[in-house]
Amino acid sequence: MLRKKDTHHHYFEIQLNWQGGTKGIVMANDVKDILRVSAAKDFPGGVEGMWSPEHLFLSAVVTCHMTTFFALAGARGLGVTHFECSAIGHVELREQGLVYTTIDLYPKVFVENDTDIAMAGEALAEANRRCIIINSISAKVIHHDQVLTDDHPVAREKNQVQ
């Protein structure tokens, strides 16, 4: 719990360089990779096959949810064999313009055994409440959490290689 004297300030900086039309390159001094971006293909000047602000927005939501979950799972000693999450965002025209109104998240957590199911569910529920990005947006986020013990093909393949 934060106290009045506690301070938690973090700053993140990015740079966008325009590449013509609606295309650009996004980079950060502390990140090796770059992102090639454009308007979504549904909008004027949008380029098929490129990351759009709409994709990046949803990516921020699912990535933050995943990293928050793994911070909580790690603190609990939870054995996770695989994690995946998809998201569907609904954009509507409102008085102020186009806005995300709802985002459906579909996280699937695969755990080592049945005894971890409840703990994984609790970690997911807490991640739903503590994700920085989700707490910073106005769109309604609907969680469709699943916790499974069945081996996932990626987890099986990883175990066979070891």
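In what follows, the structure referred to is the one given above.
Before going into details, it helps to say that this report is about the structure given with it. Computed from a predicted structure; not experimentally measured.

With 24 residues, helix H1 (residues 53-76) should reach 34 Å at 1.5 Å per residue; the first-to-last C-alpha distance of 34 Å fits that figure. At its buried positions, H1 is contacted by strand S4 (80-94), strand S5 (97-111), helix H2 (117-130), helix H3 (132-135) and strand S6 (140-143). Where H1 ends, the next residue or the one after it, Gly 77, has phi of about 70 degrees, a positive value.

Moving on, we get to H2. Helical geometry note: an α-helix holds 3.6 residues per turn, so side chains three or four residues apart project in the same direction. Over its 14 residues, H2 runs 20 Å from end to end, which matches the ideal 20 Å to within 8%, given 1.5 Å per residue. The set of residues buried in H2 consists of Ala 120, Ala 123, Leu 124, Glu 126, Ala 127 and Asn 128. Residues of H2 that are buried in the fold lie against H1, S4, S5, H3, S6 and strand S7 (146-148).

Time to look at the sheet that holds strand S3 (residues 35-37). If you trace the three strands from one edge of the open sheet to the other, you get S1-S2-S3, paired in antiparallel fashion. At either end of the open sheet lies a strand with only one pairing partner, and these are strand S1 (15-20) and S3. Taken pair by pair, the neighbouring strands of this sheet meet at an average axis angle of 25 degrees, ignoring direction.

Attention shifts here to the pattern of salt bridges. One pass over the structure, following the stated rule, counts four salt bridges. One salt bridge in this structure joins Asp 42 and Lys 41, with 3.4 Å as the shortest N-O distance. As far as burial versus exposure is concerned, Asp 42 and Lys 41 are alike and both exposed. Between Glu 92 and Arg 94 there is a salt bridge, with its nearest N and O atoms 3.3 Å apart. Overall, Glu 92 belongs to the partly exposed group, its relative accessible area being 26%. Judged by its relative accessible area of 41%, Arg 94 falls in the partly exposed class. Salt bridges linked by common partners bring Arg 76, Glu 126 and Arg 130 together as one network.

Moving on, we get to the pairing of S5. For S5, the buried fraction is high: eleven of the 15 residues fall into the buried class. Looking at chain direction, S4 and S5 are connected through 14 bridges and run antiparallel. Across the sheet, Gly 89 pairs through a bridge with Ile 103, a residue of S5. Between the antiparallel neighbours S4 and S5 lie two residues. Pairing geometry for S5 and S6, over four bridges, is parallel. In the strand pairing of S6, Leu 105 is matched with His 143. Across three bridges, the pairing between S5 and S7 is parallel. Bridging from a neighbouring strand, Phe 110 pairs with Leu 148 of S7.

Criteria and thresholds
- Residues numbered from 1 in each chain as written.
- Predicted model: local features only at pLDDT ≥ 70, side-chain atom pairs only at ≥ 80, totals over all residues.
- Heavy atoms only, no water.
- Helix = DSSP H or I, 4+ residues; strand = E, 2+ residues; numbered from the N terminus.
- Expected span 1.5 Å × (residues − 1).
- Contact = heavy atoms within 4.5 Å.
- Buried < 20%, exposed > 50% of the residue type's maximum accessible area, 1.4 Å probe, protein only.
- Pairing = 2+ DSSP bridges.
- Axes fitted to C-alpha atoms, helices over the stretch in contact; angles between N-to-C directions.
- Salt bridge = Lys/Arg side-chain N within 4 Å of Asp/Glu carboxyl O.

As far as function goes, none of this settles anything; it's purely spatial.
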